[in-house]
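# Commentary on secondary and tertiary structure
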Amino acid sequence: MHTKSGAKEMKKALLYLLLALGITIAGLLLGGALVGFVTGFIDGYRENHPGTTNPEHVMYYVMGASFVLICVVLQLVFLKRGFASYSRGLIPQGQLWKLIVLTMMVMSGMAMIYLTIHNPIAETASTLMGEPDKENLLLHLWLYGHPWCSIPLYALLEVTGDLVLFGGVLRALLEWKHRPMLVIGISTLVMGGVFWLFAENPLLICLSMVMFMIEGWIYECTRSVIPLACGDAFFWIVAFLLMGKDLSSWYYLGGFVLILPSLFYLIKVTDLFKPID
């Protein structure tokens, strides 16, 4: 019975992951197809010569709308079907806001370290891998110039990712085999491979893996995505406030000053109610 139940949970984890990937790929393909259509429609409406409208600007808006649509669909599917939830999990009454504040402090420190390693639109925006890609620079400049849509978009992406990856996939994996250090460790290595596809700087990959491991442990102890969602959303608020500024190495120290005591206290608090093998 235990073997059958474990196999079922493993299948659920793979199902959640494949479902999320399918919805994401479908949304991106739809967004890509709409870029040319919207560009041509704008040129026709304004009676411009075909190709007058800058497709890059259209792409930013269309892809932003596509990501919002993807997030909304993922949220509806995972919440309506009961694959994941925004429940309190194991968090006792009166402890939720304490965990949210502590997680936000940890993620604020992570944002400071992240922007110190790689500040994509600062004058000294070079990384260990060389000068930043021009298209990446233009994208970050556009995002930085439109905080009214970019910050909510990034926050929505993070919250949806937390719901799917932690509330859906990781939860099923932990129910399949409750060996948190092993499950979270292997999941972190897998995510490190995914981060490698998108991050130019090896330090960013290491930092992302550390963040994923910390959040995985928080979820294991709380079984709630609420602190993670608030922390990740706050990460991008801090990141956009610091983006474009030349940060000195003192920000490393500031980041660790925020992270270490907050993380220590977070572990101490969650240790009181975390699951026991």
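The structure this text deals with has already been given above.
None of these values were measured; they are calculated from a predicted model. (Residues numbered from 1 in each chain as written. Predicted model: local features only at pLDDT ≥ 70, side-chain atom pairs only at ≥ 80, totals over all residues. Heavy atoms only, no water.)

Now for the pattern of salt bridges. A complete count under the given rule lists two salt bridges for this structure. As a salt-bridge pair, Arg171 and Glu175 come within 3.3 Å of each other at their nearest N and O atoms. Of the two residues, Arg171 and Glu175 both sit in helix α5 (residues 147-176), four residues apart, roughly one turn of that helix. Arg223 serves as the salt-bridge partner of Glu220, at 2.8 Å between the closest nitrogen and oxygen. (Salt bridge = Lys/Arg side-chain N within 4 Å of Asp/Glu carboxyl O. Helix = DSSP H or I, 4+ residues; strand = E, 2+ residues; numbered from the N terminus.)

Counting across every chain of the model gives eight aromatic pairs. Judged by centre distance (5.6 Å) and plane angle (85°), the ring pair of Phe78 and Phe83 falls under edge-to-face. Given the relative accessible area of 0%, Phe78 is considered buried. A centroid spacing of 6.3 Å and a plane angle of 70° characterise the contact between Tyr114 and Trp236, whose relative ring orientation is edge-to-face. (Phe/Tyr/Trp six-rings, centres within 6.5 Å; stacked < 30°, edge-to-face > 60°. Buried < 20%, exposed > 50% of the residue type's maximum accessible area, 1.4 Å probe, protein only.)

A separate point is the environment of Glu220. Within the secondary structure, Glu220 is located in helix α7 (residues 202-222). For Glu220, a relative accessible area of 2% gives the class buried. Sequence separation between Glu220 and Gly89 is 131 residues, and the spatial gap between their C-alpha atoms is 10.0 Å. Other than its neighbours up to four places away in sequence, Glu220 contacts Leu174, His178, Pro180, Ile184 and Pro275. (Contact = heavy atoms within 4.5 Å.)

Attention now moves to α7. With 21 residues, α7 ought to run about 30 Å at 1.5 Å a step, and its terminal C-alpha atoms sit 30 Å apart, in line with that. Positive backbone phi, at 55°, marks Arg223, one or two positions downstream of α7. (Expected span 1.5 Å × (residues − 1).)

A few words now on the environment of Tyr86. Along the chain, the position of Tyr86 falls in the loop between α2 (55-80) and α3 (96-117). A residue is classified by how much of its surface remains accessible, and Tyr86, at 31% relative accessible area, is partly exposed. Separated by 143 residues in sequence, Tyr86 and Ala229 place their C-alpha atoms 9.5 Å apart. Polar side-chain contacts of Tyr86 include one of 2.8 Å to the side chain of Gln75. (Polar contact = N/O pair within 3.5 Å; in protein donor to acceptor, adjacent residues only side chain to side chain.)

A word on the side chain of Ser108. Mapping Ser108 onto the fold places it in helix α3. Classification of Ser108 by relative accessible area gives buried; the value is 8%.

Next up on the list: the packing of α3 against helix α8 (residues 226-242). Relative to each other, α3 and α8 sit at 35°, their axes nearing to 7 Å. Considering how the two elements wind past one another, α3 and α8 form a crossing that is right-handed. Residues Leu96, Leu99, Ile100, Thr103, Met104, Met107, Ser108, Met110, Ala111, Met112, Tyr114 and Leu115 of α3 lie in contact with α8, whose contacting residues are Ile226, Pro227, Cys230, Gly231, Asp232, Phe234, Phe235, Val238, Ala239 and Leu242. Its residues placed into classes, the contact of α3 with α8 shows 18 nonpolar, three polar and one charged. (Axes fitted to C-alpha atoms, helices over the stretch in contact; angles between N-to-C directions. Left-handed = near helix turned anticlockwise from the far one by under 90°. Nonpolar A, V, L, I, M, F, W, Y, C, P; charged D, E, K, R; others polar.)

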